[in-house]
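Listed below are the residues making up each chain.
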Amino acid sequence: MPKIMTAKEAVANIKDGMSVMVGGFMGAGTPESLIDALVEKGARDLVLISNDTCFPGKGNGKLVDAGCLKKVIASHIGTNPVTGRLMTSGELEVTLVPQGTLAEQIRAAGVGLGGILTPTGVGTEVEKNKSVIAINGHQYLLELPIKADIALLKAYKADKAGNLTYRRAARNFNPIMAMAAGLVIAEVEEIVEIGELDPDEIITPGIFVDLLVQRS
Amino acid sequence: MPKIMTAKEAVANIKDGMSVMVGGFMGAGTPESLIDALVEKGARDLVLISNDTCFPGKGNGKLVDAGCLKKVIASHIGTNPVTGRLMTSGELEVTLVPQGTLAEQIRAAGVGLGGILTPTGVGTEVEKNKSVIAINGHQYLLELPIKADIALLKAYKADKAGNLTYRRAARNFNPIMAMAAGLVIAEVEEIVEIGELDPDEIITPGIFVDLLVQRS
Amino acid sequence: MANDNKAIIAKRVARELKDGDVVNLGIGLPTLVANYIPSGIKVWLQSENGLIGMGPAPEEGKEDRDIVDAGGRPVTILPGGACFDSATSFGMIRGGHIDVTVLGALEVDERGNLANWMIPGKLVPGMGGAMDLTVGARRVIVATEHNLKDGSPKIVERCSLPLTAAGEVNLIVTELAVIEVTPEGLLLKEIASNTTVEEVQRRTGARLLFAEKITTMDIEP
Amino acid sequence: MANDNKAIIAKRVARELKDGDVVNLGIGLPTLVANYIPSGIKVWLQSENGLIGMGPAPEEGKEDRDIVDAGGRPVTILPGGACFDSATSFGMIRGGHIDVTVLGALEVDERGNLANWMIPGKLVPGMGGAMDLTVGARRVIVATEHNLKDGSPKIVERCSLPLTAAGEVNLIVTELAVIEVTPEGLLLKEIASNTTVEEVQRRTGARLLFAEKITTMDIEP
């Protein structure tokens, strides 16, 4: 069973230098309370793995603004000029990954695959330093799993066993990140009793979730 | 939008010699009406891709009994002695695949991956004739996608746009097969109007489904 | 880009869509295509952040923070729409389940190469979902102004910018022309009513092939 | 196998489980482990056909055709349980999210190799989920009778049958003994009250190492 605690208590588990996956897409489905607590705590040198860095002052963007990050692995940083500026000045390392590849790499880590072959990125800069494998005349890049020390998720409802549901497009990267990190912290709108969620509506089974935080 | 039709009309699309994925696990989540219609039609030389061949006279087992198959790709045939007998006598070709590998191979076909690397089967007979790829000192088998001409699914509810929900453990292989075949036929308990299913409860989006059959 | 040009391009691209198509529209100009889908045609709009059956922007005040498009802007979900995670979304895209994607371009070339995700040293926004969309969609339509502001061509012999994908573009629609990418090269099929074949060729950075019958893009600005 | 032996093995295996463990029990003898989980210990039973929080068989007449275990037998879902597809189920298994799996054996050897899915020319049921479980679970416990009916050992120096997985077994529990697989070999840790270390060695097809203190399996048949 996951422990239920405050955002502040939960992020106390995040040490400087750790790799942290953060769910969300341009802020939708991002665990805002956990982000705020990380900023408050003054986290440093984190490796952020997330789809994007949102906008300045919003979602993940707050981690950029507050100087919490040493590296970002994302598919898109174009909506946050601060990220671009820090990248150009060499203060922030940025690795850009095609979004579908990022999703599969995170999933691969979670489901115990050693890698996946994708046609995405063949013949582009993404191919650099990667194995290209030909199968039946088609070329694929071998992409390796991406895991993290910590995953910060935003879900809609949780029961006390940690089972999670998501709402609309706030689902995005959250369910795959739930499987791919050493410690999984989920911020939710509402915590209900065990048995209140139907087995068929649960998207992330509770065994993946370590800590639960009620959104503030 | 998928066409709504009878099982008999739907299986008219299945020609002798085609590859057919069938959802279900020991009969739970198996499209019985479609199986019955296939047997009735006298299908021949099909390649069955399914977790198992169920029991004699039940689920997929009916396809074995009726001599519809020339080949089976499955993870387990032990519950159906007829399958074993036909395999031993050389009348039926059987390829056994670890269940998790089968699931990922079907998924890979559906999601456009060129293959996946799995630790499952390393150092066993499953390794035969496969590429073994070492990454960071661990060995993985390169497993290739499995797709089919036809997928026969069993779902719980469908709306008229083809969106599907599943019930309990009847979900199993159905959602991944929905993505991996040229023509996807879903047999369902109930067909409801568009808008009656919540966007969050839909497991298989309707764009994957070609034909809908109301369970008889 | 003048708003007129944008509208012309979006309208012309919209005519490429068929009833029942699953369509992903890139951020920017391609998004406008949704406004011009011909009556009688129903398409499913897929958004790579994890929804299908995307509808128009909500009325003001009715925004739902959990219902946004791939640019983070509020949208709606039409009846019959569904939500899913990012792995499933890109499974849909990479797996060939998207009939048409419409994308912008920095450059596009006669081999069907597309560059639209970075200008080294200047602009490095990232590829987002564009690489997967270009590789995965059954049909890739590039919607772009014909030239840069300085008049230089965006349609070229060989892309000089880093590629988004190699050899995946099927059709190029600009305010001046509709050009098909064929194994032999760029085939000019339609031109705007206010231009000539010669002007289109002059403003294009690659040699054009000419269709047997070059028709007029019948679009009201 | 005598029912007594089965019960002894299942009871002893059950003591290996810790509160909160996610556990997958193989078909046959391992399934019995669920009947002997010590009071105060709650585990989550995962079934590879796509559910977690599996409960006991339903009362007669209350079977639900959609709620079955990996053997196709009717079971129940406990409060807090969840259902998922086969790719997710094996993601859970292969991804290291299962704390313990308990599997039967045809043979198991001193390197931790397990053979339990076929006897060439005789029995070819298929591996089902066993290969993924053996590779993926954090701890692999083999639950098996010590010897075949003819008295020959199932615990051997090297498996002669086709392997299910190489070097993945952590613990072997039989009606006679509890044996840990270590890098140095098979370490005898417990023996049944009605046997001796010498008898266990005699009935084992591999050289046993002896723990400093070999205790008695304190199990009532």
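Please refer to the structure higher up on the page.
What comes next is a walk through the structure. If you're wondering where the values come from, they're calculated on a predicted model, not measured in any experiment.

### Let's talk about the overall build of chain A
Helix and strand counts for chain A come out as six helices and eleven strands. Out of the 216 residues in chain A, the part that is buried amounts to 64%. Once local pairs closer than 6 in sequence are excluded, the contacts in chain A between residues at least 24 apart make up 72%. Considering chain A, the positive charge centre built from 21 side chains and the negative charge centre built from 25 side chains are found 2 Å apart.

### Things to note about the packing of aromatic side chains
Under the defined criterion, the tally for this structure stands at zero aromatic pairs over all chains. Note that C:K42 overlies the ring of C:W44, its terminal NZ or CZ placed 5.6 Å from the centroid.

### Some remarks on the interface of chain A and chain C
The extent of an interface is frequently quoted as the accessible surface area lost upon association of the parts. With 38 residues of chain A at the contact, the number on the chain C side is 36 residues. Carbon and sulfur atoms make up 61% of the area that chain A and chain C hide from each other, which totals about 2800 Å². In this structure, the connection of chain A to chain C is made through two salt bridges. One salt bridge connects C:D66 with A:R167, and the closest N-O pair in it is separated by 2.9 Å. Linking chain A to chain C there are 14 residue pairs in polar contact (both at pLDDT 80 or more).

### Let's talk about unusual backbone geometry
Positive phi is not limited to glycine here, since A:N172 has a value of about 25°. Relative to the helices and strands, A:N172 is located in the loop between strand 9 (148–159) and helix 6 (174–177). The class for A:N172 is buried, based on a relative accessible area of 0%. Positioned with a positive phi, B:D45 is a non-glycine residue whose angle comes to about 60°. Looking at the element boundaries, B:D45 is found in the loop between helix 2 (32–41) and strand 3 (46–49).

### Observations concerning the interface of chain D and chain A
Taken residue by residue, the interface counts 18 residues in chain D and 18 residues in chain A. Taken together, the two surfaces of chain D and chain A that pack against each other cover about 1300 Å², and 69% of this comes from carbon and sulfur. The interface formed by chain D and chain A includes zero salt bridges. At the junction of chain D with chain A, the criterion picks out five residue pairs in polar contact (both at pLDDT 80 or more). Secondary-structure elements contributing two or more residues to the side of chain D that touches chain A are strand 4 (76–83) and helix 3 (86–94) of chain D. Here the residues of the side of chain D that touches chain A are counted per class, giving eleven nonpolar, five polar and two charged.

### Concerning helix 1 (residues 3–14) of chain C
Spanning twelve residues, helix 1 of chain C covers 16 Å between terminal C-alpha atoms, matching the ideal 16 Å at 1.5 Å per step. By the burial criterion, the buried members of helix 1 of chain C are C:N5, C:A7, C:I8, C:I9, C:A10, C:R12, C:V13 and C:A14.

### Looking at the environment of C:E60
Residue and element names in this part refer to chain C. The topology assignment puts E60 in the loop between strand 3 (51–55) and strand 4 (76–83). On the basis of relative accessibility, which here comes to 79%, the residue E60 falls in the exposed class. Taking the C-alpha atoms as reference points, E60 and P74, 14 residues apart in sequence, are found 9.8 Å from one another.

The rules we used
Residues numbered from 1 in each chain as written. Chains lettered and ligands numbered in written order. Predicted model: local features only at pLDDT ≥ 70, side-chain atom pairs only at ≥ 80, totals over all residues. Heavy atoms only, no water. Helix = DSSP H or I, 4+ residues; strand = E, 2+ residues; numbered from the N terminus. Buried < 20%, exposed > 50% of the residue type's maximum accessible area, 1.4 Å probe, protein only. Contact = heavy atoms within 4.5 Å. Lys, Arg positive; Asp, Glu negative; His and termini not counted. Charge placed at Lys NZ, Arg CZ, Asp CG, Glu CD. Phe/Tyr/Trp six-rings, centres within 6.5 Å; stacked < 30°, edge-to-face > 60°. Lys NZ or Arg CZ within 6 Å of the ring centre and 35° of its normal. Buried area = accessible area lost by both parts, 1.4 Å probe. Salt bridge = Lys/Arg side-chain N within 4 Å of Asp/Glu carboxyl O. Polar contact = N/O pair within 3.5 Å; in protein donor to acceptor, adjacent residues only side chain to side chain. Nonpolar A, V, L, I, M, F, W, Y, C, P; charged D, E, K, R; others polar. Expected span 1.5 Å × (residues − 1).

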